[in-house]
Amino acid sequence: MTTSPTPRRNELWPSDRKLFEALVSESISHEELNFFQNMQFKEENELTLSNDLIMSEDSNTDRIYIVREIYDEYVIGCASFPDSEVHVMSLSEALQTPLSEIGLIDRNGQTLWEWLRSINYAGINYNKNYDNM
């Protein structure tokens, strides 16, 4: 009898590992905790070659979208400003992105994380990994 090898987990960036560890006890809502638990699982276990649509521009009035690539790379953009898309290498970097970098200049330095908290993570979708569809 042969056994298949145990799947290898993706190695998290130190900044993301630290973020996930902190948010277990520092989340401000159940939705935030759920977001970070799901994102940690995705980054460690779910490869996506066809992209993982975390948030669609159609699910929020600001038209912001968040796409996960490979394991832990992210593209953040605003459909209203298609030339202002940002590509980052980790979730922690994505969350620190000022919304002005994606064209929303009226937000006075508000970061993606602050914006997600302000909408209590409404519109996040954990089941749009196109590799699995």
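Residues numbered from 1 in each chain as written. Predicted model: local features only at pLDDT ≥ 70, side-chain atom pairs only at ≥ 80, totals over all residues. Heavy atoms only, no water.

A. Expanded view of the overall build of the chain. When its secondary structure is counted, the chain shows 4 helices and 4 strands. Seen in sequence order, the chain has helices and strands lined up from the N terminus as α-α-β-β-β-β-α-α. A globule of 133 residues ought to have a C-alpha radius of gyration of about 14 Å, and the chain, at 15 Å, matches this closely. Classification of the 133 residues of the chain by burial places 43% in the buried group. Residue pairs at least 24 apart in sequence account for 47% of intrachain contacts in the chain once pairs closer than 6 positions are excluded. (Helix = DSSP H or I, 4+ residues; strand = E, 2+ residues; numbered from the N terminus. Rg over C-alpha atoms; globule rule 2.2 N^0.38 Å. Buried < 20%, exposed > 50% of the residue type's maximum accessible area, 1.4 Å probe, protein only. Contact = heavy atoms within 4.5 Å.)

B. Seen up close, the packing of helix α1 (residues 14–26) against helix α2 (residues 30–45). At a minimum axis separation of 9 Å, α1 and α2 run at an interaxial angle of 150°. When the interaxial angle is binned, α1 and α2 end up roughly antiparallel. Between α1 and α2 the crossing geometry is left-handed. Where α1 approaches α2, its residues Asp16, Leu19, Phe20, Leu23, Val24 and Glu26 are matched on the opposing element by Glu32, Leu33, Phe36, Met39, Gln40 and Glu43. Split into classes, the residues belonging to the contact of α1 with α2 amount to 7 nonpolar, 1 polar and 4 charged. (Axes fitted to C-alpha atoms, helices over the stretch in contact; angles between N-to-C directions. Parallel < 35°, antiparallel > 145°, perpendicular 65-115°, else oblique. Left-handed = near helix turned anticlockwise from the far one by under 90°. Nonpolar A, V, L, I, M, F, W, Y, C, P; charged D, E, K, R; others polar.)

C. Quick peek at α2. The first and last C-alpha atoms of α2 sit 22 Å apart over 16 residues, in line with the 22 Å expected at 1.5 Å per residue. For α2, the set of buried residues is Glu32, Phe35, Phe36, Met39, Lys42, Glu43 and Glu44. The secondary structure elements touched by the buried residues of α2 are α1, β1 (48–55), β2 (64–70), β3 (73–78), α3 (91–95) and α4 (112–118). (Expected span 1.5 Å × (residues − 1).)

D. Highlighting the nonpolar core. Of all hydrophobic cores here, the largest spans 29 residues; its most connected members are Phe35, Phe36, Leu91 and Leu116. Elements with a contribution of two residues or more to this core: α1, α2, β1, β2, β3, β4 (86–88), α3 and α4. Looking at which element gives the most residues to this core, the answer is α4, with 4 residues. Sequence-distant contacts of Phe36, defined by excluding residues within four places in its chain, comprise Leu19, Phe20, Leu23, Leu91, Leu95, Trp113 and Tyr121. (Core = buried A, V, L, I, M, F, W, Y, C linked by side-chain atoms within 4.5 Å.)

E. Expanded view of the pattern of salt bridges. According to the stated counting rule, one finds 10 salt bridges in the structure shown. The salt bridge partner of Arg63 is Asp58, with a shortest N-O separation of 3.2 Å. Between Arg107 and Asp106 there is a salt bridge, with its nearest N and O atoms 3.7 Å apart. Look at Asp106 and you get exposed, because its relative accessible area is 57%. The network of salt bridges with shared partners includes Lys42, Glu46, Asp52 and Arg68. (Salt bridge = Lys/Arg side-chain N within 4 Å of Asp/Glu carboxyl O.)

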